Amino acid sequence: MNRRDLLRAPLLLALSKPCCELPVLQPQAYQKRGSSLVIDLRQAAHLKKVGGAALVRDEARQLYLILAQTAPGEFHAWHGACTHGGAPLAFDARHGTALCTSVGHSEFNPQGEVVRGPAPKPVRIFPVQRAGNTLTVQLEAAQ
Ligand code: FES
């Protein structure tokens, strides 16, 4: 690799990322109730439209997951870390999948299955139910 390639490498790496970091869901938008995470959609602007997604990262409550609206009124939740090397997942709105932000770009469908490697195993998913402006994520029912 020559000097020119070395200088271009970070730019190429940045351009190769298919998606960006997710917006973080603000604490006032959710509550943890027992084994459920209850989200007020009125407080979650990033989830209001199809293709919208947000990250819930709350170390005090041991929460690390991404949420997305994949079709009108249809929501999915994945654990926030890739099963390959633990890199953060983002959401690919074009395919409705969770996508690793590392160079491996593993991809997981709404059932958590690996669509594209190198991830060796599925990522945990969490059932999501919607009732009006409320989303309920079942944390202990993770698969
Ligand atoms: S950490 Fe996700 S593909 Fe390697």
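Now for a look at the structure at hand. Source: prediction; values computed, not measured. (Residues numbered from 1 in each chain as written. Predicted model: local features only at pLDDT ≥ 70, side-chain atom pairs only at ≥ 80, totals over all residues. Heavy atoms only, no water.)

Comments concerning the overall build of the protein
Quick note on the threshold: Here a helix means four or more residues in a row that DSSP labels H or I, a strand means two or more in a row labelled E, and each is numbered from the N terminus. Three labels apply to residues, based on accessible area from a 1.4 Å probe with only protein chains included: buried if under 20% of the type maximum, exposed if over 50%, partly exposed otherwise in between. We call two residues in contact whenever any of their non-hydrogen atoms come within 4.5 Å of each other. In these tables, accessible area is a Shrake-Rupley quantity obtained with a 1.4 Å probe, and a residue counts as shielded only by the protein chains included in the view.
If you tally the helices and strands in the protein, you get 1 helix and 12 strands. Counted from the first residue to the last, the protein has its helices and strands arranged as α-β-β-β-β-β-β-β-β-β-β-β-β. Burial analysis of the protein (143 residues in total) assigns 42% to the buried set. Of the contacts formed within the protein by residues at least 6 apart in sequence, a portion of 41% connects residues at least 24 apart. Within the structure as shown, the protein displays about 8200 Å² of accessible surface, and the carbon and sulfur contribution to it stands at 51%.

Overview of the nonpolar core
Note the cut-off: To qualify as a nonpolar core, a set must consist of buried Ala, Val, Leu, Ile, Met, Phe, Trp, Tyr and Cys residues joined through side-chain atoms within 4.5 Å.
Core analysis: the biggest nonpolar cluster contains 20 residues, and Leu25, Leu37, Ile39, Leu47, Leu67 and Val137 have the highest contact counts within it. Of all the secondary-structure elements, those providing two or more residues to this core are β2 (36–40), β3 (53–58), β4 (63–71), β5 (74–79) and β12 (134–138). Once you skip the residues sitting within four places of it in the chain, Leu37 turns out to touch Tyr30, Gln31, Lys32, Val56, Leu63, Leu65, Leu135, Thr136, Val137 and Leu139.

Some words on the sheet that holds β3
Going by this rule: Pairing between two strands requires that DSSP report at least two bridges joining them.
Overall, antiparallel pairing links the 4 strands, which are arranged β3-β4-β5-β10 in an open sheet. Among the strands making up the open sheet, the edge pair consists of β3 and β10 (125–126). Of the strand pairs in this sheet, β3 and β4 are connected by 6 bridges, and their pairing is antiparallel. Bridging from a neighbouring strand, Asp58 pairs with Leu63 of β4.

Regarding the side chain of Ser106
Just so we agree on the cut-off: Side-chain atoms alone can form a polar contact between residues adjacent in sequence; in general such a contact is a pair of N or O atoms within 3.5 Å, and within protein one must be able to donate a hydrogen while the other accepts it.
When you line up the elements, Ser106 lands in the loop between β7 (97–100) and β8 (107–108). A distance of 2.8 Å separates a polar atom in the side chain of Ser106 from the backbone nitrogen of Ala119. The residues touching Ser106, leaving out its near neighbours within four places in the chain, are Cys82, His84, Ala98, Leu99, Cys100, Arg116, Gly117, Pro118 and Ala119.

Focus on the environment of Gly112
You can see Gly112 is positioned in the loop between β8 and β9 (114–116). Gly112 sits in the buried class, given a relative accessible area of 0%. For the pair Gly112 and His79, spaced 33 residues apart in sequence, the C-alpha separation works out to 8.9 Å.

Observations regarding the pattern of salt bridges
The test is simple: The salt bridge definition used is simple: a Lys or Arg side-chain nitrogen within 4 Å of an Asp or Glu carboxyl oxygen.
Within this structure, the stated rule accounts for 3 salt bridges. Residue Asp40 is joined to Arg42 by a salt bridge in which the shortest nitrogen-to-oxygen separation is 3.0 Å. Residue classification places Arg42 among the exposed positions, given a relative accessible area of 56%. A salt bridge links Arg94 to Asp92; the nearest nitrogen and oxygen atoms lie 3.9 Å apart. The exposed category is assigned to Arg94, whose relative accessible area is 68%. Assessed through its relative accessible area of 8%, Asp92 is described here as buried.

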